[in-house]
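Chains, contacts and geometry: an overview
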2 protein chains.
Amino acid sequence: MNIGEISERSGLPAKTIRYYEDIGLITPDRSENGYRLFGAQDLHKLTFLARARALGFSIEDCRTLMALYEDDTRASADVKHVAIQHLHRIEEKIEQLQSMRQTLSHLVSTCAGDNRPDCPILKDLATAKL
Amino acid sequence: MNIGEISERSGLPAKTIRYYEDIGLITPDRSENGYRLFGAQDLHKLTFLARARALGFSIEDCRTLMALYEDDTRASADVKHVAIQHLHRIEEKIEQLQSMRQTLSHLVSTCAGDNRPDCPILKDLATAKL
DNA sequence: GCAATCCTTCCTTCGACTGGAAGGTGCTCG
DNA sequence: CGAGCACCTTCCAGTCGAAGGAAGGATTGC
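Residues numbered from 1 in each chain as written. Chains lettered and ligands numbered in written order. Predicted model: local features only at pLDDT ≥ 70, side-chain atom pairs only at ≥ 80, totals over all residues. Heavy atoms only, no water.

The positions that UniProt labels "domain: HTH merR-type" (unreviewed entry) are, in the present scheme, residues 1–68 of chain A. End C-alpha atoms of residues 1–68 of chain A are separated by 25 Å, and the span's content is 62% helix alongside 6% strand. (UniProt positions renumbered as here; feature names shortened; annotations may be inferred. Helix = DSSP H or I, 4+ residues; strand = E, 2+ residues; numbered from the N terminus.)

Least-squares fitting of chain B to chain A yields an RMSD of 0.2 Å, with the superposition described by an axial translation of 0.0 Å and a rotation of 180 degrees. As the rotation angle and translation indicate, the two copies are arranged about a two-fold axis. The C-alpha atom lying nearest the rotation axis in chain B is that of I94 of chain B; the distance is 2.9 Å. A symmetric contact is evident, with 100% of the interface residues of chain B recurring at the interface of chain A. (Least-squares fit on C-alpha atoms with pLDDT ≥ 70 in both. Contact = heavy atoms within 4.5 Å.)

Let us now look at the protein's contact with DNA strand D. The environment of DNA strand D is made up of 19 residues, and the closest members are K15, Y20 and I59 of chain A together with G4 and R36 of chain B. With respect to DNA strand D, the side chain of N33 of chain A contributes an N or O atom lying 3.3 Å from a phosphate oxygen. Within the side chain of R30 of chain B, a nitrogen or oxygen atom sits 3.1 Å from a phosphate oxygen of DNA strand D. At the level of secondary structure, the elements contributing two or more residues to the surface near DNA strand D comprise α2 (14–22) of chain A together with α1 (3–10) and α2 (14–22) of chain B. Per-element accounting of the surface near DNA strand D gives the leading share, four residues, to α2 of chain A. Taken together, the residues of the surface near DNA strand D break down into seven nonpolar, six polar and six charged. (Near = heavy atom within 4 Å. Polar contact = N/O pair within 3.5 Å; in protein donor to acceptor, adjacent residues only side chain to side chain. Nonpolar A, V, L, I, M, F, W, Y, C, P; charged D, E, K, R; others polar.)

Residues F57 and I121 of chain A together with F57 and I121 of chain B are the most contacted members of the largest nonpolar core, which totals 77 residues. When residues no more than four places from it in sequence are discounted, the contact partners of F57 of chain B are L104 of chain A together with A52, C62, L65, V82, A83 and H86 of chain B. (Core = buried A, V, L, I, M, F, W, Y, C linked by side-chain atoms within 4.5 Å. Buried < 20%, exposed > 50% of the residue type's maximum accessible area, 1.4 Å probe, protein only.)

For the rest of this paragraph, the subject is the interface of chain B and chain A. A common way to express how large an interface is: the accessible area buried when the components associate. Contacts between the two partners involve 52 residues from chain B, matched on the other side by 54 residues from chain A. Interface area for chain B against chain A, summed over the two sides, is near 4,800 Å², with a carbon-plus-sulfur share of 73%. Sorting the residues of chain B by area buried against chain A places R51, L122 and L125 of chain B first, and these three jointly supply 15% of that buried surface. Remark: the boundary between chain B and chain A carries two salt bridges. Salt-bridge contacts for D124 of chain B lead to R51 of chain A; the nearest nitrogen and oxygen are separated by 3.1 Å. The interface formed by chain B and chain A includes 16 residue pairs in polar contact (both at pLDDT 80 or more). The residue makeup of the side of chain B that touches chain A, split by class, is 30 nonpolar, ten polar and twelve charged. (Buried area = accessible area lost by both parts, 1.4 Å probe. Salt bridge = Lys/Arg side-chain N within 4 Å of Asp/Glu carboxyl O.)

Residue and element names in this part refer to chain B. Where α2 is concerned, the buried positions are I17, Y20 and E21. Along the long axis of α2, the arc covered by the buried residues comes to 100 degrees, so they all point the same way. Exposed positions of α2 whose direction lies more than 90 degrees from the buried face are K15 and D22. The inward-facing, buried residues of α2 abut α1, β1 (29–30), β2 (36–37), α3 (40–54) and α4 (59–70). Within two residues after α2, G24 carries a phi angle of roughly 85 degrees, on the positive side. (Arc of directions from axis to C-beta.)

Looking now at the packing of α1 of chain B against α2 of chain B. All names here are of chain B. One can describe the packing of α1 onto α2 by two numbers: an axis separation of 9 Å at closest approach and a directional angle of 100 degrees. The angle between the axes of α1 and α2 places the two elements in the roughly perpendicular class. Across the interface between the two elements, I3, I6, S7 and S10 from α1 touch A14, I17 and R18 from α2. When the residues that make up the contact of α1 with α2 are grouped by side-chain class, the tally is four nonpolar, two polar and one charged. (Axes fitted to C-alpha atoms, helices over the stretch in contact; angles between N-to-C directions. Parallel < 35°, antiparallel > 145°, perpendicular 65-115°, else oblique.)

Laid out in structure tokens, this is it:
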């Protein structure tokens, strides 16, 4: 199939697919006219990539995962390792954001939100330390 | 005080402070030799900025907040509005990440993590839809 | 014969800095 | 008085990730 069709099927923009080829994540065949020619395996890979990206894996993570995906002799421990690392990164990020949320929602709750200029949010921002 | 001192006191790199001046967030005086000259008010503003950035407010948010900060006739509702918007963005991000975390941790828990090549993580990534 | 789809290449975007080079200033030591 | 050094200035370029867009041309399908 051509890039348009696989784009539709994988849900990835054609531009992104070309980009993934560029950076070596996939290597589709070419037909005589120079058009990229994708097979079922490519569809799997692109679905894989779309899914992994949606889960927040970086392109470099994806590169690792793809290599493992293609390696029949891989150890599942290796895959698990990448996934766990990413999981940790996600959990850290969540904690950071939760901390921000707490501070912010506290600030918001202390602010009258009326027409007066007096605002605890600004007051806090101007003085508080981390 | 010079940029070095206020950098130390505000915790922001000198480079960043110059950048903030560049984009119009602050407008420090200049002494005769051309050096930037910062006062207590500038320290407040930079502390404000450092704090707001640490809470994840974008530079554009900061611009809005600074304008409100400087406007004695502001309504606290306006500040609250900006903060609430940001709070919503944070909460959305948290939800996304939590969803990722759940999927990932489920995947991780299903993977043996041994020397065999069989890996549910890869299997899922290659087939699952969003 | 013409629109849709494909190709390539190069440039641009976003956000928020960060680095580095080249050169002026100011303080101290001898 | 001069050397040396820290500190300051400006300006230009680059970073990161992940594409997006426009230009200009070839091919295919109806």
